[in-house]
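# Structure assessment
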Amino acid sequence: MKELNWSGLGFGYVKTDYNVRCAWKDGKWGEVTVTNDEYIPIHMAATCLHYGQEAFEGLKAFRGKDGKVRLFRVDENAKRLRSSADYLLMEAPSEELFTEMVIKAIQANARFIPPYESGASLYVRPLLIGTGAQVGVKAADEYLFLVFVTPVGPYFKEGFKPIPVIIDRDHDRAAPLGTGHVKVGGNYAASIYSGELAHEKGYSSVLYLDAKQKKYIDECNAANFFGIRDGKYITPNSHSVLPSITNLSLRQLASDLGLKVENREVEVDELPTFEECGACGTAAVISAIGSIYDPMLDKTYVYGNGKEVGSWSKKLYDTLRGIQYGEVEDVHGWTKEVILG
Ligand SMILES: *Cc1c(COP(=O)(O)O)cnc(C)c1O
């Protein structure tokens, strides 16, 4: 194969050799298969197409300095997919099947795992879809679980630079008692328009507020929000926020580093009081937030000087990345080595 330009990779789809599939039919999961077909033959009345009966996951495999390949908290992704599937009345793979298929997909595409030096990684995308035909709105009787991988570049090509964010008071991504707490395509569909408007205005991301009162902070498009103030790591607790595994890990690391952790309702009015703010998720670990614009007040809150990453955010980012690449001791047992054989 032509050598990929690892460090020039972005966050996009790059074709790899294989993907791994398993179908649920007649009340049980079938054989796990490995295929090089990028397409899925699907019934035109499949529930995933009409009624959004689909859920997905995102995680990464990292090649460490020691040459070992590590997965980060794959058990948490397996659990979260089950929780998403439960809410949409979908059949979900067991944690064992999930992990087995993720590992198989990585092994089958080992030549696409970027070298340590590149700062790139292998993104793993498990996808669960209702494939059974229905016309009425109800759960399918057949499902497909598949896992594909694609190499992705270091998120911050030009270094770790803070991003500008805008509060969207005109659109919501998730209703208070809706699907915000599960990782389903519908939430993303609801955020595309709002995200595009923000990009057109020059903002990298949208900050959503609670849909009912617009009083509390929910999260960014595909990343949780946190603020740091007076030695505290503060992050919203809301039913319409997706439980980010990165945020879960950062809360632990923040506590390890001596910060007090507060997971509670966070008022929009607290924004000016934060010393540092960030958006966190698998893609970037932490995107430091340089500024937040509130269109209702026509006011911009700037963090630090808006150009440099705050010291706590940097420390948290370095520690988490260090664990993922095997440079920092994994005292919490978060990583799982993938034996390439
Ligand atoms: C996936 C996702 C995140 C980030 O979760 P991680 O497990 O940290 O990758 C945050 N918010 C939303 C809405 C998401 O879908």
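To start, this report covers the structure provided alongside it. Since the model is a prediction, treat every value here as computed from it, not as a measurement. (Residues numbered from 1 in each chain as written. Predicted model: local features only at pLDDT ≥ 70, side-chain atom pairs only at ≥ 80, totals over all residues. Heavy atoms only, no water.)

Contacts to the ligand come from 15 residues, most closely from Lys183, Tyr188, Ser244, Thr246 and Thr282. Residue lysine 183 places a side-chain N or O atom 2.7 Å away from an oxygen atom belonging to the ligand. A distance of 2.6 Å separates a nitrogen atom of the ligand from a polar atom in the side chain of glutamate 219. Isolated, the ligand exposes 380 Å² of accessible area, and the fraction of that covered by the protein chains is 97%. Among the detected pockets, the ligand sits in the largest pocket. Per-class residue counts for the shell around the ligand are five nonpolar, six polar and four charged. (Near = heavy atom within 4 Å. Polar contact = N/O pair within 3.5 Å; in protein donor to acceptor, adjacent residues only side chain to side chain. Areas by Shrake-Rupley, 256 points an atom, 1.4 Å probe, with all protein chains shown as cover. 1 Å grid on protein atoms, 1.4 Å probe; cavity = no way out; pocket = protein on both sides within 12 Å on 5 of 7 lines; lining within 4 Å. Sits in = over half its atoms within 2 Å of the grid points. Nonpolar A, V, L, I, M, F, W, Y, C, P; charged D, E, K, R; others polar.)

Here glutamate 76 lies in helix α2 (residues 74–87). On the accessibility criterion, glutamate 76 (18% relative accessible area) is buried. Leave out the neighbours within four places in its chain, and glutamate 76 touches Ile245 and Leu248. (Helix = DSSP H or I, 4+ residues; strand = E, 2+ residues; numbered from the N terminus. Buried < 20%, exposed > 50% of the residue type's maximum accessible area, 1.4 Å probe, protein only. Contact = heavy atoms within 4.5 Å.)

Now for the packing of aromatic side chains. The final tally for this structure, using the stated rule, is 11 aromatic pairs. Here phenylalanine 72 and tryptophan 334 contribute two aromatic rings whose centre-to-centre distance is 5.8 Å and whose plane-to-plane angle is 85°, an arrangement assigned as edge-to-face. Pair noted here: phenylalanine 72 is in strand β6 (residues 69–72) and tryptophan 334 is in the loop between α6 (311–324) and β18 (335–338), with a separation of 262 residues, a long-range link. Classification of tryptophan 334 as buried rests on a relative accessible area of 8%. Between phenylalanine 98 and phenylalanine 145 the ring centres are 5.7 Å apart and the planes differ by 25°, which places this aromatic pair in the stacked class. Note that phenylalanine 98 is positioned in helix α3 (residues 95–108) and phenylalanine 145 in strand β8 (residues 143–152), a separation of 47 residues in sequence. (Phe/Tyr/Trp six-rings, centres within 6.5 Å; stacked < 30°, edge-to-face > 60°.)

The next thing to look at is a nonpolar patch on the surface. The grouping of Ile40, Ile42 and Leu49 at the surface amounts to a nonpolar patch, some 230 Å² of accessible area in total. By the element assignment, isoleucine 42 lies in the loop between β3 (33–35) and α1 (47–51). Take isoleucine 42: its relative accessible area is 34%, and that puts it in the partly exposed class. (Patch = residues over 30% accessible without salt bridge, like charges linked within 9 Å, V, L, I, M, F, W, Y side chains within 5 Å. Salt bridge = Lys/Arg side-chain N within 4 Å of Asp/Glu carboxyl O.)

Time to look at empty space enclosed by the protein. Under the criterion given, the structure shown has one cavity of 30 Å³ or more. In this structure, the largest cavity spans a volume of roughly 90 Å³. Lining the largest cavity we find Gly58, Leu59, Lys60, Phe62, Phe72, Asn77, Ile245, Thr246, Thr282, Leu320 and Gln324. Counting only elements with at least two residues in the lining of the largest cavity, the list comes to β5 (59–63), α5 (245–256) and α6. (Points joined across faces, edges and corners; volume = space filled by probe spheres on them.)

Once that is clear, we can look at the nonpolar core. By size, the foremost hydrophobic cluster in this structure holds 35 residues, and its most contacted members are Leu71, Val102, Ile106 and Leu128. Breaking this core down by element, the ones donating at least two residues are β1 (19–25), β5, β6, α2, α3, β7 (121–130) and β8. When residues in this core are grouped by element, the largest group, seven residues, is from α3. Core analysis: the next-biggest nonpolar cluster, separate from the first, contains 22 residues, Phe72, Leu250, Ala254 and Cys280 among them. (Core = buried A, V, L, I, M, F, W, Y, C linked by side-chain atoms within 4.5 Å.)

Look at α2 against α3: their axes get within 9 Å of each other, and the N-to-C directions meet at 125°. As the angle between them shows, α2 and α3 are arranged oblique. For the crossing formed where α2 meets α3, the hand is right-handed. Across from Val74, Asp75, Asn77, Ala78, Lys79, Leu81 and Arg82 in α2, the residues of α3 making contact are Glu95, Phe98, Thr99 and Val102. By residue class, the composition of the contact of α2 with α3 is five nonpolar, two polar and four charged. (Axes fitted to C-alpha atoms, helices over the stretch in contact; angles between N-to-C directions. Parallel < 35°, antiparallel > 145°, perpendicular 65-115°, else oblique. Left-handed = near helix turned anticlockwise from the far one by under 90°.)

To continue, consider helix α4 (residues 185–200). The first and last C-alpha atoms of α4 sit 23 Å apart over 16 residues, in line with the 22 Å expected at 1.5 Å per residue. The largest bend in α4 comes to about 35°, at isoleucine 192. All of the buried residues along α4 are Asn187, Ser191, Ser194, Gly195 and Ala198. Contacts from the buried residues of α4 go to β9 (163–168) and β10 (205–209). Downstream of α4 by a residue or two, glycine 202 has a phi angle that is positive, lying close to 95°. (Expected span 1.5 Å × (residues − 1). Bend = angle between axes of the 7 residues up to and from the residue.)

Within the secondary structure layout, glutamine 324 lies in helix α6. Setting aside anything within four residues of it in sequence, one finds glutamine 324 in contact with Phe62, Arg70, Phe72 and Val285.

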